[in-house]
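Reading the structure
What follows is the residue order along each chain.
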Amino acid sequence: MEKNKQVLINMIAQIISFIVNVGISFFLTAFIVKNIGKEIFGFWGLANNFVSYIGVLTIALNSTVNRFVTISLHKKDYTSANKYFSSVALANITLSAILIIPILLLVTFLDNMLVIPKEFVIDIKLLWLFIFINFLVNLGSGVLEVSTFAKNRLDMVATTTIISNTTRALLLIILFNLLSPHLWYVGLALLICTFYTASARYRFFKRLTPKLMIKRKYFDWKFMKEMLLIGFWNSFNQLSIILITGLNLLITNLLIGAKDMSLLSVAVTIPTQIQSFVQIVANTFSPKLTATYAKGDLSVLAKEVIFSMKVTGYLGSIPIIGLMIFGGDFFPLWLNTVSSADITKIQLLSILTLIPLIGNTFINPLFNINTVLAKVKIPVLTNFLIGILNIVIVYVLIRYFNLGVYTVAGVSAILVLGRMLLFVPIYSSYILKLSWLTFYKFLLKGFLSLTIVTFVLLSIKFVTDINSWESLAIVCGIAGIVGYFINFLLIFNREEKRTVINVLKRKFKNKNLTRRAE
């Protein structure tokens, strides 16, 4: 019960953090498009994509350190835990130092590599410089979050993120109002807040895991090799993800143009936040899944995975369907300085981006199983194959058939959705030694709920008139409540519904008792 309570606390904190971040992205995107221009907005997203390209080098170690350290701590093997931790920490610091010169060269010659409007070259170079420095700071300090993961205190990370994002928003408001608008302010504010986050990570690390320490004597190539054997495949997987979606903005910039790149970047802003939300919810279960696996009970692990799928599907499906249905009302209000033709293009690109998220919101927790069970080779190879297919198909369709930016978003969407529905559930069942139909039974129920919710939300749209932010908020609020109610009835079983209702009753009763005592 106590562990379930901590999962709930983690989830609530992460969701609040997500809401704050979405609010910032929501207002910042519209502000930049209005005050600086839609032509250069895409370079912000492209800079983050380049960070993910470099990140391929670091994922091999950093994606597995939480697993190995957590399992060692649960077994009270503190020597091994320190060897895993120190090896990764020292490797990250060394790699950060090595990357400084290549990053400076990349930023210096950026305008020779990309199509950049001449009047924005300095602005964009400064933005990229700050974002890359931010990456190096995160690389050096990110391993410290192993403490909050191992102790299942992701709520502490979420609280730090809320403070950081709120501070970033205030900094941007001050900079954009007191000085002439520049895109590089986004990178500067992000870097300042990352320094705060790094200091918070260090405080949590010392408080939660006092027996962990960074010392050269704990650096061990044997432990590095053990993590790299699994982590290599995670790096390879990140490379595959880049081939599937991470090159979309770069391909659009080079083959189509900077304007369409920026429109695509705007279109994926909200879907990316929804995907992050689903990932956040799924990750709140990860520490508990790792701890359950450490105890060796795969049957309990399978039950916990299915429950996490229900939670992510329940919470994530409504925003996805909502944006698809009400996007035609949302985008003109959000981007009121953009032409109607560009709004239509943004909306269609957004729908294409949302298609694979329909499957992702239910299936995402299954991705954690590969890392927890150290079964990553086959999933990575299938991802890589899809990534190669995506690049080849997109290039051919743009180069020889002139199908434009819709090809970039559409091809990857279809390929990713196909993999999630046809491969992931079957492989996850296989490594958990379950029937191949195990996860499809739930997915069928989930998609049935999704279909019913879609028809209900479409009905709400057809009988309402949305012409302002107020009417949009009211209609979407009603649609969201109805959608979540239907999801609750159809996705969870009787026992799970009873548990949720009892928890809510208990919380309500405790609040009433507190008020009476006051």
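Residues numbered from 1 in each chain as written. Predicted model: local features only at pLDDT ≥ 70, side-chain atom pairs only at ≥ 80, totals over all residues. Heavy atoms only, no water.

All right, on to the overall build of the protein chain then. Per the secondary structure count, the protein chain includes 22 helices and zero strands. Relative to the globule expectation of 24 Å for 518 residues, the C-alpha radius of gyration of the protein chain, 23 Å, shows essentially globular dimensions. Oriented by its inertia axes, the alpha-carbon framework of the protein chain measures out at about 60 × 60 × 55 Å. Per-residue burial over the protein chain gives 53% buried out of 518 residues. In the protein chain, of all internal contacts separated by at least 6 residues, the share reaching a separation of at least 24 is 83%. Just so you have it, the protein chain exposes about 24200 Å², and 67% of that area is on carbon and sulfur atoms. Put simply, the protein chain has 47 plus and 20 minus side-chain charges, and the middle of one group is 11 Å from the middle of the other. (Helix = DSSP H or I, 4+ residues; strand = E, 2+ residues; numbered from the N terminus. Rg over C-alpha atoms; globule rule 2.2 N^0.38 Å. Buried < 20%, exposed > 50% of the residue type's maximum accessible area, 1.4 Å probe, protein only. Contact = heavy atoms within 4.5 Å. Areas by Shrake-Rupley, 256 points an atom, 1.4 Å probe, with all protein chains shown as cover. Lys, Arg positive; Asp, Glu negative; His and termini not counted. Charge placed at Lys NZ, Arg CZ, Asp CG, Glu CD.)

What follows is about the layout of surface pockets. Considering only enclosed or pocket space, the second largest pocket measures out at about 940 Å³ in volume. Considering the residues around the second largest pocket, the lining is formed by 28 residues, among which V22, I270, I274, P319 and C476 are closest to the centre. Looking at the lining of the second largest pocket, the elements with two or more residues in it are α1 (2-35), α13 (269-283), α15 (298-334) and α21 (469-491). Top element by residues in the lining of the second largest pocket is α15. It accounts for nine residues. (1 Å grid on protein atoms, 1.4 Å probe; cavity = no way out; pocket = protein on both sides within 12 Å on 5 of 7 lines; lining within 4 Å. Points joined across faces, edges and corners; volume = space filled by probe spheres on them.)

Okay, the packing of helix α14 (residues 286-294) against α15 next. Across the interface, α14 lies against α15 with an axial gap of 8 Å and an inter-helix angle of 165 degrees. Here α14 lies roughly antiparallel to α15, going by the angle between them. Crossing of α14 over α15 shows left-handed handedness. Across the interface between the two elements, K288, L289, T292 and Y293 of α14 pack against L298, V300, L301, E304 and V305 of α15. Of the residues belonging to the contact of α14 with α15, the class tally is six nonpolar, one polar and two charged. (Axes fitted to C-alpha atoms, helices over the stretch in contact; angles between N-to-C directions. Parallel < 35°, antiparallel > 145°, perpendicular 65-115°, else oblique. Left-handed = near helix turned anticlockwise from the far one by under 90°. Nonpolar A, V, L, I, M, F, W, Y, C, P; charged D, E, K, R; others polar.)

Two elements in contact, helix α10 (residues 221-246) and helix α17 (residues 377-401), have axes separated by 8 Å at closest approach and are oriented at 25 degrees. As the angle between them shows, α10 and α17 are arranged roughly parallel. For the pair α10 and α17, the sense of crossing is left-handed. Each of W233, F236, N237, L239, S240, I241, L243 and I244 in α10 lies in contact with α17, whose residues at this interface are K377, V380, L381, N383, F384, I386, G387, I388, N390 and I391. A class-by-class count of the residues in the contact of α10 with α17 yields 12 nonpolar, five polar and one charged.

With that settled, the discussion passes to helix α11 (residues 248-255). Summarising burial for α11: six of the eight residues are buried, a large majority. Buried residues of α11: N248, L249, L250, I251, T252 and N253, and no others. Looking at the packing, one finds that the buried side of α11 touches α2 (38-62), α10, α12 (258-267), α17 and α18 (405-422).

So, on to the pattern of salt bridges. Under the defined criterion, the tally for this structure stands at seven salt bridges. Of the charged contacts, one joins K125 and D111 as a salt bridge, the two residues approaching to 3.2 Å between their closest N and O atoms. Taken as a pair, K125 in helix α6 (residues 121-141) and D111 in helix α5 (residues 110-113) lie far apart in primary sequence, 14 residues in all. On the accessibility criterion, K125 (18% relative accessible area) is buried. A relative accessible area of 34% places D111 in the partly exposed class. A salt bridge links D342 to K259, with the nearest nitrogen and oxygen atoms 3.6 Å apart. (Salt bridge = Lys/Arg side-chain N within 4 Å of Asp/Glu carboxyl O.)

Right, let's get into the environment of S471. Inspection of the secondary structure assignment puts S471 in helix α21. S471 sits 292 residues away from L179 along the chain, and the two C-alpha atoms are 34 Å apart. Discounting chain neighbours no more than four positions away, the residues touching S471 are D465 and I466. Within the structure, S471 has its side chain in polar contact with the backbone oxygen of S468 (distance 2.9 Å). (Polar contact = N/O pair within 3.5 Å; in protein donor to acceptor, adjacent residues only side chain to side chain.)

Okay, the packing of aromatic side chains next. For the structure shown, the criterion picks out 28 aromatic pairs. Consider the rings of W233 and F236, whose centres lie 6.0 Å apart with planes at 65 degrees: the pair is edge-to-face. Residue W233 and its partner F236 are both found in helix α10; the two are separated by three residues, about one turn of the helix. Each member of the pair, W233 as well as F236, is classed as buried. Each member of the aromatic cluster is reached from another via a ring pair, and the members are F285, F307, Y314, Y484, F488 and F492. Seen from the ring of F68, R67 lies directly overhead, with NZ or CZ sitting 5.0 Å from the centre. (Phe/Tyr/Trp six-rings, centres within 6.5 Å; stacked < 30°, edge-to-face > 60°. Lys NZ or Arg CZ within 6 Å of the ring centre and 35° of its normal.)

On to a nonpolar patch on the surface. A grouping of V115, L254, L255, I388, V392, Y395, V396, Y400, F401 and L403 is seen on the molecular surface, where their side chains present a nonpolar patch of about 930 Å² in accessible area. Every element with two or more residues in the nonpolar patch is listed here: α11 and α17. It is α17 that provides the largest number of residues to the nonpolar patch, a total of six residues. With respect to the helices, strands and loops of the structure, Y395 is situated in helix α17. Taking the relative accessible area as the measure of exposure, Y395 reaches 37% and is therefore partly exposed. (Patch = residues over 30% accessible without salt bridge, like charges linked within 9 Å, V, L, I, M, F, W, Y side chains within 5 Å.)

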